[in-house]
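One letter stands for each residue in the lines below.
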Amino acid sequence: GDAETVADAVRRLGVPVWLAGGARGLLGRQDALQLRHKRGKALAEADLVILAGVPADFRLGYGRSIGKHARIMAVGVDKRALVKNRVPSLPIPADPGRFLVRLAKRCEAGASANDRAPWLAMLRERDIRRDREVVELAAVEAPPINPLAACLAIEAAMADDATIVVDGGDFVATAAYTVRPRRALGWLDPGVFGTLGVGAGFAIAAAVERPDSEVWLLYGDGAAGFSLIEFDTCVRHGLAVIAVIGNDASWTQIARDQVTFLGDDVGTVLARTDYDQVAAGLGAVGLIARSIEEVPAVLAEAKRVAAAGRPVVVNLHIGRTAFRDGSLSM
């Protein structure tokens, strides 16, 4: 069914939910059932797990993240993917959204939902604690700008109707952890294989489809190299995209663990390029922030420029933290 119908079904089921990929935002910015942190711990504790359109791939430890005694319902249109890596208790070849809608109609809320209340409360408390930890980590010095602090500032600046496009590795993964999509079909990313380069195309499409909404494009500086030239397109067609480039002069997603494992940063080093000047050369507005104190005013100016109908690129000079160390899937 459509996104709102699926969201309603999920709420009626009353189960804790973690959203991934294009499903982010399905339940809005805040929802009592929607959780963001400590997913692995919850999966290890659960007695029943519904994988709705999510295969048991590296994101779930190839199925090992789920407790060995848990019953698993795997739902998806690809029959082969349903049984890869970890064979589910019940493979269901079906559209995941339609399945959830039908399941909600078959299930009685009542006592079973009430029985889950203590566990849901515990999961929410974990989320709250982790959010507090993130705020504390964002306050750690990581010059020029702590990327966590930058992402929290972006989260605070975005309009309630924002459509969010992300294209990158380390900076984008940090944003996925901290920025809350506002609505269903309001988050576009490079997909499970991290297919970089989609950013500008996705943002252009979003701006054309939703001309009255804020469209944000969060770039890693490596990924920006694939499509920043498309701001020429945005200028020519009057598409007021707000792009923020997390500029740490590195392919940091790779550098983190490559340097740890191999002791060599070859192929990961970039320059802290003047992307704001590149944007200005293409006819867009270019802004720059080199300290966290500058960020709120720069983002406010970017929003003002976009509201006036011009595309804008923010060159955000970020530093490095240990927040995502060990995140590379091997």
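Predicted, not measured: the structure shown is a model, and the values here were computed from it.

A. Here's a closer look at the pairing of strand E6 (residues 215–220). Among the six residues in E6, six count as buried, and that is most of the element. Residues Val215, Leu217 and Tyr219 of E6 are buried on one face, and the alternating residues Trp216, Leu218 and Gly220, pointing to the opposite face, are buried as well. Here five bridges tie strand E4 (residues 163–167) to E6, and the two strands are oriented parallel to one another. The residue of E6 that forms the bridge with valine 166 is leucine 218. Both E6 and strand E7 (residues 242–247) contribute to a ladder of five bridges, which runs parallel. Bridged to glycine 220 within E7 is glycine 246.

B. Focus on empty space enclosed by the protein. Going through the model one piece at a time under the given rule, you end up with one cavity of 30 Å³ or more. Each pocket or cavity is described by its volume, and for the largest cavity that value is around 40 Å³. Lining of the largest cavity is provided by Pro147, Asp170, Phe171, Thr174, Asp248, Thr252, Arg256, Ile318, Gly319, Arg320 and Thr321. When residues of the lining of the largest cavity are traced back to their parent elements, those giving at least two are helix H7 (170–178) and helix H11 (252–262). Residue contributions to the lining of the largest cavity peak at three residues, all from H7.

C. The arrangement of unusual backbone geometry in detail. Residue proline 144 is bonded to the preceding proline 143 through a cis peptide linkage, with omega at 5 degrees. One can find proline 144 in the loop between helix H5 (110–138) and helix H6 (147–157). Positive phi is not limited to glycine here, since tyrosine 62 has a value of about 55 degrees. Taking the relative accessible area as the measure of exposure, tyrosine 62 reaches 34% and is therefore partly exposed.

Scoring rules and cut-offs
- Residues numbered from 1 in each chain as written.
- Predicted model: local features only at pLDDT ≥ 70, side-chain atom pairs only at ≥ 80, totals over all residues.
- Heavy atoms only, no water.
- Buried < 20%, exposed > 50% of the residue type's maximum accessible area, 1.4 Å probe, protein only.
- Helix = DSSP H or I, 4+ residues; strand = E, 2+ residues; numbered from the N terminus.
- Pairing = 2+ DSSP bridges.
- 1 Å grid on protein atoms, 1.4 Å probe; cavity = no way out; pocket = protein on both sides within 12 Å on 5 of 7 lines; lining within 4 Å.
- Points joined across faces, edges and corners; volume = space filled by probe spheres on them.

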